[in-house]
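A closer look at the structure
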Amino acid sequence: MRTATFELPEWLQPVADLARSVAAEQLAPRFPHPPSDARPAAVLMLFADGPPGPQLLLTERASTLRNHAGQISFPGGRSDPEDADAVTTALREAQEEVGLDPESVEVFGTLPTLWLPPSNHAVTPVLGYWREWGPELVPVSLDEVEQVIWVPIEELLDPERRFSVVHSGGWRGPAFDIGTDVPLWGFTAGLIARLFDHVGWSRPWDASRERPLPQR
């Protein structure tokens, strides 16, 4: 696996430290362990120092996709047989989806592989840092990605942007208002919320604030 050979920015060091010890149950308490028939996949959690400060890369998935259409997610997807590992998968998918140059990314760890039940994928989150704020990233395949979204970490930590989405059947999960038509919710929001909780970045917010599960 490619690993970082440089000094991470100080603000990102807590994430690297946590990656060495965090358990799957801490990041996905309901479905921490994939079944044996789950298909391997990986996503890239890419952090960067942008003009407004620390950023996290997200994408809006195409509305025509079979799974997770229109949702906000990390770049990523299913592993190909020729992929050497989850890092290879995450970087390849990011390049195919948003034109990210794999050589511009410093990988500084991975998180435990988690189960995504709706598509039965075993997803490994790969942690990366974009060394320099470079050329604008844009969707390469409009069949997969409708837009590229750089979200300031400060916005994800803003208590006024936090709420829970609630399904009529009783399911409840973390969500963020990031200024898009569909909020950030589901697997991606849960991973961000719990990672930030365990890193110690999260701020108190009104846990009674709820919205119906987005329908799209």
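If you're wondering where the values come from, they're calculated on a predicted model, not measured in any experiment. (Residues numbered from 1 in each chain as written. Predicted model: local features only at pLDDT ≥ 70, side-chain atom pairs only at ≥ 80, totals over all residues. Heavy atoms only, no water.)

1. A look at the side chain of Glu97
Our working rule: By definition, any uninterrupted DSSP run of H or I lasting at least four residues is a helix, any uninterrupted run of E lasting at least two residues is a strand, and each is numbered from the N terminus. Type-normalised accessible area, obtained with a 1.4 Å probe on protein chains alone, sets the label of each residue: buried when under 20%, exposed when over 50%, and partly exposed for intermediate values. The sign given to each residue is positive for Lys and Arg and negative for Asp and Glu; His and the chain ends receive no count. Think of a salt bridge as a Lys or Arg side-chain nitrogen and an Asp or Glu carboxyl oxygen that are within 4 Å of each other.
Mapped onto the secondary structure, Glu97 falls in helix α3 (residues 86-98). It is Arg61 that comes nearest to the buried, bridge-free Glu97 among opposite-charge side chains, at 5.3 Å.

2. Looking at the pairing of strand β10 (residues 172-176)
Definition in use: Two strands form a pair only when DSSP identifies at least two bridges running between them.
When you tally the buried positions in β10, you get 4 out of 5 residues, the bulk of the element. As paired elements, strand β9 (residues 162-166) and β10 share 5 bridges and run antiparallel to each other. Paired with Val165 across the strands is Gly173, a residue of β10.

3. Topic: the sheet that holds β9
By way of backbone hydrogen bonds, the strands of a sheet pair with one another, either parallel or antiparallel. Heads up, the condition is: To get an axis, a line is fitted to the C-alpha atoms, and for a helix only the part in contact is used. The angle between two axes follows their N-to-C directions and goes from 0 to 180 degrees.
Ordered by their spatial adjacency, 3 strands build an open sheet running β10-β9-β11, and the pairing between neighbours is mixed. With partners counted over all chains shown, the strands left at the sheet margins are β10 and β11 (210-212), one partner each. Strand-to-strand twist across the sheet, computed as the mean angle between neighbouring axes with direction ignored, equals 40°.

4. Quick look at the environment of Leu116
Assignment of secondary structure puts Leu116 in strand β6 (residues 114-116). Residues Leu116 and Trp171 lie 55 residues apart in sequence; the distance between their C-alpha atoms is 15 Å.

5. Considerations on the nonpolar core
Here is the rule: By convention a nonpolar core is built from buried Ala, Val, Leu, Ile, Met, Phe, Trp, Tyr and Cys residues, the set being connected through side-chain atoms within 4.5 Å. Should any heavy atoms of two residues lie within 4.5 Å, those residues are considered in contact.
With 41 residues, the main nonpolar core has Phe47 and Leu156 as its most contacted residues. Element by element, the count of residues in this core is highest for helix α5 (residues 186-199), at 7 residues. Among residues more than four places away in sequence, those in contact with Phe47 are Trp11, Leu12, Val15, Gln55, Leu56, Phe108, Leu127, Gly128, Tyr129, Trp130 and Ile153.

6. Considering the pairing of β9
Buried residues dominate β9, accounting for 4 of its 5 residues. The pairing of β9 with β11 spans 3 bridges and is classified as parallel. The residue bridging Val166 from the neighbouring strand is Pro212, located in β11.

7. Some remarks on the pattern of salt bridges
Where side chains of opposite charge bring their charged atoms close, a pairing between them can arise. Evaluation of the coordinates by the stated rule reveals 11 salt bridges. Where Asp83 meets Arg92, a salt bridge forms, and the shortest distance between an N and an O atom there is 2.9 Å. Each member of the pair, Asp83 together with Arg92, is buried. The residue Glu93 makes a salt bridge to Arg92 at a minimum N-O spacing of 3.1 Å. Each member of the pair, Glu93 as well as Arg92, carries the same accessibility label: buried. Here the salt bridges share partners, and the residues they tie into one network are Asp80, Asp83, Arg92, Glu93 and Glu96.

8. Thoughts on the packing of aromatic side chains
Our working definition: Aromatic rings from Phe, Tyr and Trp, with only the six-membered ring used for Trp, were paired whenever their centres fell within 6.5 Å, and each pair was classed as stacked if the ring planes differed by under 30 degrees, edge-to-face if by over 60, and tilted otherwise. Ring-over charges, as used throughout, are those where CZ of Arg or NZ of Lys falls within 6 Å of the ring centre and within 35 degrees of the ring normal.
In the structure shown here, the tally under the stated rule is 9 aromatic pairs. Look at Trp11 and Phe47: their rings are 6.1 Å apart centre to centre, the planes differ by 65°, and that puts the pair in the edge-to-face class. You can see Trp11 sitting in the segment before α1 (13-19) and its partner Phe47 sitting in strand β1 (residues 39-50), a full 36 residues away along the chain. Overall, Trp11 belongs to the partly exposed group, its relative accessible area being 22%. Every member of this aromatic cluster is reached through a ring pair, and the members are Trp11, Phe47, Phe108, Phe196 and Trp201. Sitting above the plane of the Phe163 ring, Arg211 keeps its charged end 3.9 Å from the centroid.

9. Overview of the environment of Glu154
Locating Glu154 in the fold gives a position in helix α4 (residues 153-157). With 57 residues separating them along the chain, Glu154 and Glu97 place their C-alpha atoms 25 Å apart.

10. Points about α3
The following threshold applies: Expected helix span is taken as 1.5 Å per residue step, with the number of steps being one fewer than the number of residues. Counting of polar contacts relies on pairs of N or O atoms within 3.5 Å, with two restrictions inside protein: one atom must be capable of donating a hydrogen and the other of accepting it, and residues adjacent in sequence are counted only when both atoms are side-chain atoms.
When the terminal C-alpha atoms of α3 are compared, their 18 Å separation across 13 residues agrees well with the 18 Å that a helix rising 1.5 Å per residue should span. Where burial is concerned, most of α3 is hidden: 10 out of the 13 residues are buried. Along α3, the positions that sit buried rather than exposed are Ala86, Val87, Thr89, Ala90, Leu91, Arg92, Glu93, Ala94, Glu97 and Val98. The N-cap of α3, judged by a side-chain oxygen 3.3 Å from the amide nitrogen of Val87 a few residues on, is Asp85. Directly after α3, the chain includes Gly99, whose backbone phi takes a positive value near 75°.

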